[in-house]
Amino acid sequence: LVLSVSLAGCAGNDEQLDFAGSVTEAYRRAGESMERGNYRRAIQIYEQLQARFPFSDFATQIQLELMYAYYKAGSPEQAIDIADTFMRENPIHARVDYALYIKALAHFDDSAGWLERVFRKDITNRPPRDAELAFSLFGRLVERYPASPYAADAEQRMVFLRNRLAAYENSVARYYIKQRAYVAALNRAKTALEEYQGSDSSQESLQIMVRAYEGLGMMELAADTRRVLDTNFPGS
């Protein structure tokens, strides 16, 4: 019954796509669909507008709206594809920063999966899907367009991603410590400390390095690292 109702609703939406109004009216209707969270409907209208009026005054704006609609609809691949096309075709457009922002958002993953939510599993143990690429894209946005209205949000997301990536490196390093694979643990902890400076995991990275050096019998390096640890994190 649910499937039948859903199909009927979809069919009804498809039929309404044969609008007989102006481009402005269709654009308004797509915007209303976005506001109501009916992203599928909005995408249908934007795509039909794009196909029917590729050279209209709305063409560029429609492309921007479409990439956002795909992002909100949970279709990151399509959003990224449109963003890449927009930036390639409009390299000096005033909204290139927006396209770059949407592309970064499409790669951004800040939430636990449903299994992790149900079992309350720490997401730092999960490989950060596309996190490095998202971090790089947000960094590019902040560097190239510091005055962009999206730069501040990009910086905040970079803080989250820096902590996320460093925490994952430490998670892997802890596993290697348990396996007594001290060289591998040391390399992971160094990566967390050097590549993601200022993360919340810096203290743990240094602690792991101390244990790894001790496991390798490198007591001088362990003592040096411990001094750095005590200096930066007194009482640790």
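Attention in this report is confined to the structure presented alongside it. The structure presented is a predicted model; accordingly, all values stated were derived computationally and were not measured.

## Digging into the nonpolar core
For step 1, the next point in the chain: Among the nonpolar cores identified, the biggest contains 45 residues, and Y46, L49, M67, Y101, I102, F138 and L161 are the most heavily contacted of them.
For step 2, the next point in the chain: Contributions of two or more residues to this core are made by α2 (23–35), α3 (39–52), α4 (59–72), α5 (76–89), α6 (96–107), α8 (131–144) and α9 (151–178).
For step 3, the next point in the chain: Excluding residues within four positions of it along the chain, M67 makes contact with A79, I82, A83, F86, Y98, A99 and I102.
For step 4, the next point in the chain: Grouped together as the second largest cluster of nonpolar side chains are 13 residues, Y182, A185, A189 and A222 included.

## Some thoughts on the pattern of salt bridges
For step 1, the next point in the chain: Enumeration according to the criterion identifies eight salt bridges in this entry.
For step 2, the next point in the chain: The partner of R28 in a salt bridge is E25, and the shortest N-O contact between them spans 2.5 Å. Of this pair, R28 and E25 both sit in helix α2, separated by three residues, roughly a single helical turn.
For step 3, the next point in the chain: Where R226 meets E214, a salt bridge forms, and the shortest distance between an N and an O atom there is 2.8 Å. On the criterion of sequence distance, the pair formed by R226 in helix α12 (residues 219–232) and E214 in helix α11 (residues 202–215) is long-range, its members being 12 residues apart.
For step 4, the next point in the chain: Residue class for R226 comes out partly exposed when judged on its relative accessible area of 37%.
For step 5, the next point in the chain: Here E214 falls in the partly exposed class, since its relative accessible area comes to 33%.
For step 6, the next point in the chain: A cluster of three or more residues bridged by salt bridges with shared partners is formed by E25, R28 and E32.

Parameters and conventions
- Residues numbered from 1 in each chain as written.
- Predicted model: local features only at pLDDT ≥ 70, side-chain atom pairs only at ≥ 80, totals over all residues.
- Heavy atoms only, no water.
- Core = buried A, V, L, I, M, F, W, Y, C linked by side-chain atoms within 4.5 Å.
- Buried < 20%, exposed > 50% of the residue type's maximum accessible area, 1.4 Å probe, protein only.
- Helix = DSSP H or I, 4+ residues; strand = E, 2+ residues; numbered from the N terminus.
- Contact = heavy atoms within 4.5 Å.
- Salt bridge = Lys/Arg side-chain N within 4 Å of Asp/Glu carboxyl O.

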